[in-house]
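Notes for the structure review
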Amino acid sequence: MKFIDLRSDTVTMPTDEMRQAMANAEVGDDVYGDDPTINKLEKLAAEKVGKEAAIFVPSGTFGNQLALFTHARRGQEVIIGKNNHIVVHEVGASAVIAGVQLRTLETQNGAMNPQDVEKAIRVDDIHEPETGLICVENAHGCGAVVPLETMKEIKNIAERHSLPVHMDGARLFNAAISLGVDVKELAACADTVMFCLSKGLAAPAGSMLAGSKSFIDRARKNRKLMGGGMRQVGILAAAGIIALEKMTERLEEDHKNAKYMAEELSKIDGVKVVTDRLDIDMVFFEISEEIVSSNTLVEKLYEKNIKINGEEGGEYRFVCHIGVSREDIDFTIKCLKEIIK
Ligand SMILES: *Cc1c(COP(=O)(O)O)cnc(C)c1O
């Protein structure tokens, strides 16, 4: 049965071309460095984002935690936005794996204020933890893209204090497209960057962590420690190569669809669309519980073969991706109107 699945861009299915490439992939034991397909993907990924090297990891969470683990020592402090994925959606892994303390700062549409970042850097004091890393997220999970200028300011501050910057760029290509800059320019605002192949780029699994050659060498050993040394993983890399070569440009279409959906949603009485976080493939909006409860909306749309997540923190989030067409959006809007009229 075909569903219109608006829950996330992680629900994207591998394309036929990806499945073909996976079936025919030349593979080897990657822990021995023998897998030609993963080697090709890692080289391609590094080139794309303008870094010396890159490493394939099973998930975005793995990539972020590997970055923290490789950048920072136990007991150090990581400066980070309070609603970042690493803080809220990674099960507290930073405390378990890297053993770091997260120093969370307020954000405005996903962006930390550079002055706040500078103030949060610890001084040399016998009582205080040492600052070890600054983390940024772009595109941010709230649907907004952090301006390039803010990214550059934070990088400059980090450099003045000899601190590294890690970027959670799960949706890095969405961010670059939205900002209208080459992805290299955005990635240059951080020493290391993680990005997902498995979201809007439609690969079945996997993310990349990119950085300097020496950093990635150390990360490779840490990935083994974390149980992420995989064997004939070229099977997955084959899809990842197509994700990077052929799927990045089309993200623009998802952004346009999200804006279209936002416009159509805003015409419905009782629906309040969040308009200042409409930079990528996501639309956030509110519908008062008095009009329809979250559970009812999820159930009624499901009856129409539309999958959504219930509201979170008072907001619904609908996500556009390669599996969602204009007709799907029109149909969803029509169903929504019927449910809440
Ligand atoms: C999806 C996502 C991740 C990583 O997710 P996984 O499900 O572990 O692949 C990290 N950061 C952000 C901002 C994300 O949206």
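Residues numbered from 1 in each chain as written. Predicted model: local features only at pLDDT ≥ 70, side-chain atom pairs only at ≥ 80, totals over all residues. Heavy atoms only, no water.

As annotated in an unreviewed UniProt entry, the protein chain carries the name L-threonine aldolase and is attributed to Sedimentibacter saalensis.

Here's the deal with the site of the ligand
Under the convention used in this document: Near, as used in this document, describes a residue that has one of its heavy atoms within 4 Å of the molecule or strand being considered. Residues adjacent in sequence count toward polar contacts only when both atoms are side-chain atoms; beyond that, a polar contact is any pair of N or O atoms within 3.5 Å, and within protein one must be able to donate a hydrogen and the other to accept it. The Shrake-Rupley method, run with a 1.4 Å probe sphere, supplies the accessible areas, and residue values consider only the shown protein chains as cover. Lining residues are those with an atom within 4 Å of a point, where the points come from a 1 Å grid over the protein atoms alone and group into cavities, where a 1.4 Å probe fits but cannot get out, or pockets, open sets with protein on both sides within 12 Å along at least five of seven lines. Grid points define the cavity or pocket, and a molecule sits in it when more than half of its atoms lie within 2 Å of them.
Around the ligand, the neighbouring residues are Ser 59, Gly 60, Thr 61, Asn 64, His 85, Glu 90, Glu 137, Asp 168, Ala 170, Arg 171, Met 194 and Lys 199. Take Asp 168: an N or O atom from its side chain is 2.6 Å from a nitrogen atom of the ligand. One of the side-chain N or O atoms of Lys 199 is found 2.6 Å from an oxygen atom in the ligand. Notes on the ligand: free accessible area 390 Å², of which the protein chains cover 82%. In this structure the site holding the ligand corresponds to the largest pocket.

Here we look at the state of the cysteines
Cut-off, in case you're wondering: Any two cysteine sulfur atoms within 2.5 Å of one another count as a disulfide. Only protein chains enter the area calculation, which uses a 1.4 Å probe; residues under 20% of their type maximum are buried, those over 50% are exposed, and those in between are partly exposed.
The tally for this structure, following the rule as stated, stands at 0 disulfides. The structure places no disulfide on Cys 142, whose sulfur is separated from the nearest cysteine sulfur, that of Cys 196, by 16 Å. Using a relative accessible area of 12% as the deciding quantity, one classes Cys 142 as buried. As a non-bridged cysteine, Cys 196 has Cys 135 as the owner of its nearest cysteine sulfur, 14 Å distant.

Thoughts on the UniProt feature "domain: Aromatic amino acid beta-eliminating lyase/threonine aldolase" (unreviewed entry) in the protein chain
Selection rule: UniProt positions are given in the numbering used here, feature names are shortened, and annotations may be inferred rather than shown by experiment. Helical segments are the DSSP runs of H or I of at least four residues, strand segments are the runs of E of at least two, and each set is numbered from the N terminus.
As recorded in UniProt, the feature "domain: Aromatic amino acid beta-eliminating lyase/threonine aldolase" (unreviewed entry) lies at residues 5-285. A helix fraction of 43% and a strand fraction of 16% characterise residues 5-285, whose end C-alpha atoms lie 17 Å from each other.

Thoughts on the domain arrangement of the protein chain
The cut-off we apply is this: As used throughout, domain bounds are those supplied by an automatic or database domain assignment. Contact between two residues is taken to exist if any of their heavy atoms lie within 4.5 Å; hydrogens are not considered.
Domain annotation for the protein chain reports domain 1 (4-10 + 250-340) and domain 2 (16-248). Each of domain 1 and domain 2 has a C-alpha centre, and these two points are 28 Å apart. Listed by partner, the interface residues are 17 residues for domain 1 and 22 residues for domain 2. One can count 9 residue pairs in polar contact (both at pLDDT 80 or more) joining domain 1 with domain 2. The biggest single contributor to the side of domain 1 that touches domain 2 is helix H12 (residues 251-266), with 3 residues.

Points about the pairing of strand E8 (residues 207-211)
Stated precisely, the cut-off is as follows: One bridge is not enough; two strands pair if DSSP finds at least two bridges between them.
Taken across its 5 residues, E8 has 5 buried, putting it largely inside the fold. Here E8 shows no split at all, with Ser 207, Leu 209 and Gly 211 on one side and Met 208 and Ala 210 on the other all buried. Judged from the 4 bridges that link them, strand E7 (residues 192-196) and E8 form a sheet pairing that is antiparallel. Paired with Cys 196 across the strands is Ser 207, a residue of E8.

Section: empty space enclosed by the protein
Put simply, the rule is: Grid points are joined across faces, edges and corners, and a volume is the space filled by probe spheres set on the points. Note on residue classes: Ala, Val, Leu, Ile, Met, Phe, Trp, Tyr, Cys and Pro are nonpolar, Asp, Glu, Lys and Arg are charged, and everything else, Gly too, is polar.
For the coordinates displayed, the defined rule picks out 2 cavities of 30 Å³ or more. The calculated volume of the largest cavity comes to roughly 70 Å³. Along the walls of the largest cavity sit 13 residues, with Gly 110, Ala 111, Met 112, Val 136 and Glu 137 positioned nearest its centre. Contributing elements (two or more residues each) for the lining of the largest cavity: strand E5 (131-137) and helix H7 (148-160). Of the residues assigned to the lining of the largest cavity, the class counts are 7 nonpolar, 5 polar and 1 charged. Taken as a whole, the second largest cavity encloses approximately 40 Å³ of empty space. Around the second largest cavity, the lining residues are Ala 170, Arg 171, Leu 172, Phe 173, Asn 174, Cys 196, Lys 199, Gly 200 and Leu 201. The residue inventory of the lining of the second largest cavity, partitioned by class, reads 5 nonpolar, 2 polar and 2 charged.

A few points about the sheet that holds strand E12 (residues 316-319)
Stated precisely, the cut-off is as follows: Lines fitted to C-alpha atoms define the axes here, with helix axes fitted over just the stretch in contact, and angles between the N-to-C directions of these axes take values from 0 to 180 degrees.
What the 3 strands build is an open sheet, ordered E9-E10-E12; its pairing is antiparallel. Each of the sheet's edge strands pairs with one partner strand only, and the pair in question is strand E9 (271-273) and E12. Averaged over neighbouring strand pairs, the angle between their axes works out to 35 degrees when direction is ignored. Relative to E12, strand E10 (residues 282-287) runs antiparallel, the two sharing 4 bridges. Following the sheet pairing, Phe 285 is matched in E12 by Tyr 316. In the packing of H12 onto the sheet, the strands contacted are E9, E10 and E12, and the crossing angle to E10 comes to about 15 degrees.

Topic: the UniProt feature "modified residue: N6-(pyridoxal phosphate)lysine" (unreviewed entry) in the protein chain
Look at the UniProt record and you will see "modified residue: N6-(pyridoxal phosphate)lysine" (unreviewed entry) annotated at Lys 199. With respect to the helices and strands, the residue Lys 199 is situated in the loop between E7 and E8.

A word on helix H13 (residues 294-303)
Counting along an α-helix, one turn takes 3.6 residues, and residues three or four places apart therefore face a common direction. Under the convention used in this document: Arc definition: it is the arc formed by the directions from the helix axis to the C-beta atoms.
Among the residues of H13, those classed as buried are Ser 294, Leu 297 and Leu 301. Axial view of H13: buried residues confined to an arc of 60 degrees, hence all on one face. The exposed set on the far side of H13, more than 90 degrees from its buried face, consists of Asn 295, Glu 299 and Glu 303. Downstream of H13 by one or two residues, Asn 305 has phi in the positive range, about 65 degrees.

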